[in-house]
Amino acid sequence: MIIKAVLLGILEGVTEFLPISSTGHLILAAELAQFEGFFNNIFSIVIQMGAVLSVLIYFYKALLPKSLKKEDISDFFSIWFKVAVGVLPAALIGIKFEDEIDKYLFNPPVVAVALILGGIWILLVDRNDRKPGRIGEMKDLSFKLAFAIGLFQCLALIPGTSRSAMTIIGALILGTSRKLAAEFSFFMSIPLLGGAGLLKLAKNGIGFSSDEWIILGVGTFVAFLTSLLVIHLLMGFIKKHNFRPFAYYRLLLGAIVLGSIFI
């Protein structure tokens, strides 16, 4: 089980911040490896907190006040208020319909279709001829725009859609730069993914066996290390490239999954 936890932790870390859907990949992996109960319903959500920790550490300079000066404190609260506004729509819908989402959407056919539709969307939006976004800094991101990006994030409640894909591509449509789109997507993951993990633990209790706690800990730690590396690589990647390669990957994986189901 430890080996499975390590593998799923790596999978979570690699896919969480790339626009290819970490939840979708974990659902497919759980189906392929025949994980039951604990892994399928709790593990894949809780280990996302490892990815949250990686964001906090990688962007700590941007997420903490630069000094105790009034303007720096004001900038600090401004960032977190914008994050809260962006997270609000998906948080409210996710809490309201969590059980229905788990029951009806957490399955390979839904993931496959979402992967394909999301891939097509990326190809349509993130073209090579797209002009650079006019909004390039966090201070220029309005609360109205933060809320609009949050509405795109609601689509990611469908497994396979990808939270990072919806928020980043949505932000690009709304006029941000790729760098700002990626950063704000990362920042929104902190309360959203962290809250989802805590909510899952609260609803299912924390009365796990010692072995289960070890498995959770291993998966979360591996997800943290992997996510930290992926964030670093992605921030360098987006300076010179668009997201179309990820769209092609989504289309291919979605087609393979649908083929395995219906052929």
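As a starting point, this report considers the structure included with it.

Parameters at a glance
- Residues numbered from 1 in each chain as written.
- Predicted model: local features only at pLDDT ≥ 70, side-chain atom pairs only at ≥ 80, totals over all residues.
- Heavy atoms only, no water.
- Helix = DSSP H or I, 4+ residues; strand = E, 2+ residues; numbered from the N terminus.
- Buried < 20%, exposed > 50% of the residue type's maximum accessible area, 1.4 Å probe, protein only.
- Areas by Shrake-Rupley, 256 points an atom, 1.4 Å probe, with all protein chains shown as cover.
- Contact = heavy atoms within 4.5 Å.
- Phe/Tyr/Trp six-rings, centres within 6.5 Å; stacked < 30°, edge-to-face > 60°.

Bringing the overall build of the chain into the picture now. Scanning the chain for helices and strands turns up 13 helices and zero strands. The secondary structure elements of the chain, listed N-terminal to C-terminal, are α-α-α-α-α-α-α-α-α-α-α-α-α. For the chain, the spread of C-alpha atoms along the three principal axes comes to 50 × 40 × 35 Å. Buried positions account for 51% of the 263 residues belonging to the chain. About 13000 Å² of surface is accessible on the chain, with carbon and sulfur atoms providing 69% of the total.

What follows deals with the side chain of Q48. Turning to its location among the elements, Q48 is positioned in helix α4 (residues 48–58). Not counting residues within four places of it along the chain, the set of residues in contact with Q48 comprises E12, E16, S22, T23 and L193.

Per the stated rule, a full pass over the model turns up ten aromatic pairs. A ring pair is formed by F76 and F77, whose centres lie 5.1 Å apart and whose planes are at 70°; its orientation type is edge-to-face. Given the relative accessible area of 22%, F76 is considered partly exposed. You can call F77 partly exposed: its relative accessible area is 42%. Look at W121 and F152: their rings are 5.9 Å apart centre to centre, the planes differ by 20°, and that puts the pair in the stacked class. Pair noted here: W121 is in helix α8 (residues 108–125) and F152 is in helix α9 (residues 143–154), with a separation of 31 residues, a long-range link. The burial state of W121 is the same as that of F152; both residues are buried. One aromatic cluster in this structure is built from F17, Y58, F59, F186 and F187.

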